[in-house]
Amino acid sequence: MQSRVALVTGAGRRVGRAIALDLAAHGWAVAVHHHASAPGASEVVAQIRDGGGTAAAFAADLTDPAALEALIPRVMAWSGRVDALVCSAAGMTRSPIGSTTAATVDGILSLNLRAPFLLAQSAAAHLAEGGAILLIGDHMADECWPDYAMHGVAKAGVHALTRHLAAALAPRLRVNAVAPGAVLLPDDGAPQLAERLAAQAALRRIGTPSDVAGAVRYLLDAPFVTGQVLRVDGGRGLDA
Ligand SMILES: NC(=O)c1ccc[n+]([C@@H]2O[C@H](COP(=O)([O-])OP(=O)(O)OC[C@H]3O[C@@H](n4cnc5c(N)ncnc54)[C@H](OP(=O)(O)O)[C@@H]3O)[C@@H](O)[C@H]2O)c1
């Protein structure tokens with residue numbers, strides 16, 4: 001394949017979808033990973049191909065270590081090369097301290113932290129020289145949201161993982177993360193939530209998926225940047 005190839009996890013909907021479409025619009029061939037969102041992933045692939053780009057969909061449950069290990073080799077079999085791994089898939093599960101079970105903790109960590117780690121490990125073995133890994137963190141890694149404690153802990157782990165991977169994989173590969181603020185609320189989110197989150201940002205708005213996608217694309221193309229967690233959050237907490 002002539003174009004650079006990016007694997008984007010969780011690309012069948014929402015933020016991952018925006019990242020996949022943005023990369024394709026800027027010349028990348030895109031492996032569109034999904035789990036439950038097969039129809040969404042097919043739409044993303046069709047949209048990229050309709051625009052003259054190259055894409056294919058790849059299903060995998062990222063809580064399954066065997067599926068994780070197989071994913072990048074499956075993409076390689078399609079494209080012959082992988083230049084970038086973008087780990088956007090995650091879940092935001094409630095985990096109040098008083099009522100969270102061991103199974104809930106394991107579920108949160110396996111999707112939000114173990115999966116990026118194992119995918120990055122696989123990427124280290126398969127990515128082309130000069131390639132890049134991009135993890136998606138979260139502003140909640142640096143804040144206290146008691147009802148989502150383990151989500152924040154997992155995302156803080158993603159931020160730490162970014163630095164550890166960057167040190168371990170340099171100079172062959174670069175590793176960075178984008179930590180979004182609120183960019184896309186849950187589909188059932190109350191309108192007041194958007195207003196409250198907008199008020200907490202110095203720029204007085206919530207973000208958009210394309211704000212995240214632009215930062216991802218910048219970091220994939222920034223040859224002298226590694227080990228960084230770039231907050232794309234409208235200045236949350238600057239004027240608190
Ligand atoms: N939205 C925000 O405002 C915001 C703020 C801060 C950080 N972030 C981060 O940005 C990223 C994208 O956010 P989002 O709001 O688009 O996330 P989301 O709506 O929660 O989407 C979750 C994605 O993860 C995938 N996924 C869930 N369980 C999976 C599994 N077992 N195996 C494989 N894939 C699985 C889903 O794929 P399927 O649908 O195909 O199952 C979906 O594409 C996440 O890392 C999130 O933590 C988002």
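See above for the structure.
Presented here is a report on the structure given in the accompanying data block. What you are looking at is a predicted structure, and each value in this text was computed from that prediction instead of being measured.

1. Re helix H1 (residues 14-25)
Link 1 in the chain: Helix length check: H1, at 12 residues, gives a terminal C-alpha distance of 17 Å against a target of 16 Å (1.5 Å per residue), a fit within 8%.
Link 2 in the chain: Where H1 is concerned, the buried positions are Val15, Gly16, Ala18, Ile19, Ala20, Asp22, Leu23 and Ala24.
Link 3 in the chain: Contacts from the buried residues of H1 go to strand E1 (5-9), strand E2 (29-34), helix H2 (38-50), strand E4 (84-87), strand E5 (132-136) and helix H7 (209-220).
Link 4 in the chain: Two residues or fewer after H1 comes Gly27, characterised by a positive phi angle close to 95°.

2. Notes on the site of the ligand
Link 1 in the chain: Around the ligand lies a shell of 26 residues, among which Arg13, Arg14, His35, Ala36 and Ser37 are the nearest.
Link 2 in the chain: In the model, a nitrogen atom of the ligand is placed 2.9 Å from a nitrogen or oxygen of the Leu62 main chain.
Link 3 in the chain: Within the contact set of the ligand, an oxygen atom lies 2.8 Å away from a backbone nitrogen or oxygen of Val183.
Link 4 in the chain: For the ligand, the accessible surface in isolation is 890 Å², of which the surrounding protein chains cover 88%.
Link 5 in the chain: Counting only elements with at least two residues in the shell around the ligand, the list comes to H1 and E2.
Link 6 in the chain: A breakdown of the residues in the shell around the ligand according to their chemical character gives 12 nonpolar, 9 polar and 5 charged.

3. A look at the environment of Gly80
Link 1 in the chain: Structurally, Gly80 is set in the loop between helix H3 (65-79) and E4.
Link 2 in the chain: With a relative accessible area of 56%, Gly80 lands in the exposed category.

4. Comments concerning the packing of H3 against helix H4 (residues 102-126)
Geometry of a packed helix pair, given as the angle between the helix axes and the separation of the axes.
Link 1 in the chain: H4 packs onto H3 with a crossing angle of 35° between their chain directions and a minimal axis gap of 9 Å. Where H3 crosses over H4, the two elements pack in a sense that is right-handed. Facing Pro65, Leu68, Glu69, Leu71, Ile72, Pro73 and Met76 of H3, the residues of H4 in contact are Arg114, Ala115, Leu118, Leu119, Ser122, Ala123 and His126.
Link 2 in the chain: Here the residues of the contact of H3 with H4 sort into 10 nonpolar, 2 polar and 2 charged.

5. Quick look at the pairing of E2
Link 1 in the chain: The element E2 is extensively covered by neighbouring structure, given that 6 of its 6 residues are classed as buried.
Link 2 in the chain: With burial as the criterion, each face of E2 is covered, one bearing Ala29, Ala31 and His33 and the other bearing Val30, Val32 and His34.
Link 3 in the chain: In this sheet, E2 lies alongside E1 in parallel orientation, the contact comprising 4 bridges. Looking at E2, one finds that Val8 is bridged to Val32.

6. A few points about unusual backbone geometry
Link 1 in the chain: The omega angle of the peptide bond from Ala170 to Pro171 is 0°, so this bond is cis rather than trans.
Link 2 in the chain: Its identity as a non-glycine residue notwithstanding, Arg204 has a phi of 60°, on the positive side.

7. Observations regarding the pairing of E1
Link 1 in the chain: Among the 5 residues of E1, 5 are classified as buried, and the element is accordingly described as predominantly covered.
Link 2 in the chain: Here E1 shows two buried faces, one formed by Val5, Leu7 and Thr9 and the other by Ala6 and Val8.
Link 3 in the chain: Handedness of the β-α-β unit built from E1, H1 and E2 comes out right-handed.
Link 4 in the chain: Direction of pairing for E1 relative to E4: parallel, over a ladder of 4 bridges. Across the sheet, Ala6 pairs through a bridge with Ala84, a residue of E4.

8. Points about the sheet that holds strand E6 (residues 174-180)
Link 1 in the chain: Read across the open sheet, the 7 strands follow the order E3-E2-E1-E4-E5-E6-E7; overall the sheet is parallel. Looking at which strands have only one partner, the edges of the open sheet turn out to be strand E3 (55-59) and strand E7 (229-232). Taking the axes of each pair of neighbouring strands and ignoring which way they run, one obtains an average angle of 20° across the sheet.
Link 2 in the chain: Of the pairings in the sheet, the one linking E4 to E5 comprises 4 bridges and is parallel in character.

Definitions and cut-offs
- Residue positions are counted from 1 within each chain, in the order its sequence is given.
- Confidence filtering applies because this is a predicted model: local features only for residues at pLDDT of at least 70, side-chain atom pairs given and counted only at 80 or more, and all residues used for totals across whole chains, interfaces and linings.
- Here the side-chain values reflect all heavy atoms present in the structure, with hydrogen atoms and water set aside.
- Here a strand is any run of E in DSSP of at least two residues, a helix any run of H or I of at least four, and the numbering for each starts at the N terminus.
- What a helix should span is 1.5 Å times the count of its residues minus one.
- Here's how the labels work: a residue is buried when its accessible area is under 20% of the maximum for its type, exposed when over 50%, partly exposed in between, all with a 1.4 Å probe on protein chains only.
- Any two residues whose heavy atoms approach within 4.5 Å are treated as being in contact.
- Only heavy atoms are used to decide nearness, and a residue is near a molecule or strand if one of them lies within 4 Å of it.
- Any pair of N or O atoms that falls within 3.5 Å is considered a polar contact. Within protein, one atom must be able to donate a hydrogen and the other to accept it, and sequence-neighbouring residues count only if both atoms are side-chain atoms.
- Values of accessible area rely on a 1.4 Å probe in the Shrake-Rupley scheme; residue burial ignores everything except the protein chains shown.
- Three categories are distinguished: nonpolar for Ala, Val, Leu, Ile, Met, Phe, Trp, Tyr, Cys and Pro, charged for Asp, Glu, Lys and Arg, and polar for the others, with Gly belonging to the last.
- To define axes, lines are fitted to C-alpha atoms, for helices over the stretch in contact only, and angles between the resulting N-to-C directions are given on a 0 to 180 degree scale.
- Left-handed describes a crossing in which the near helix is turned anticlockwise from the far one by less than a right angle; the clockwise case is right-handed.
- By the convention used here, strands pair only if DSSP detects at least 2 bridges between them.
- For a crossover, the right-handed case is the one in which the path from the first strand over the helix to the second runs clockwise, viewed with the strands pointing away from the viewer.

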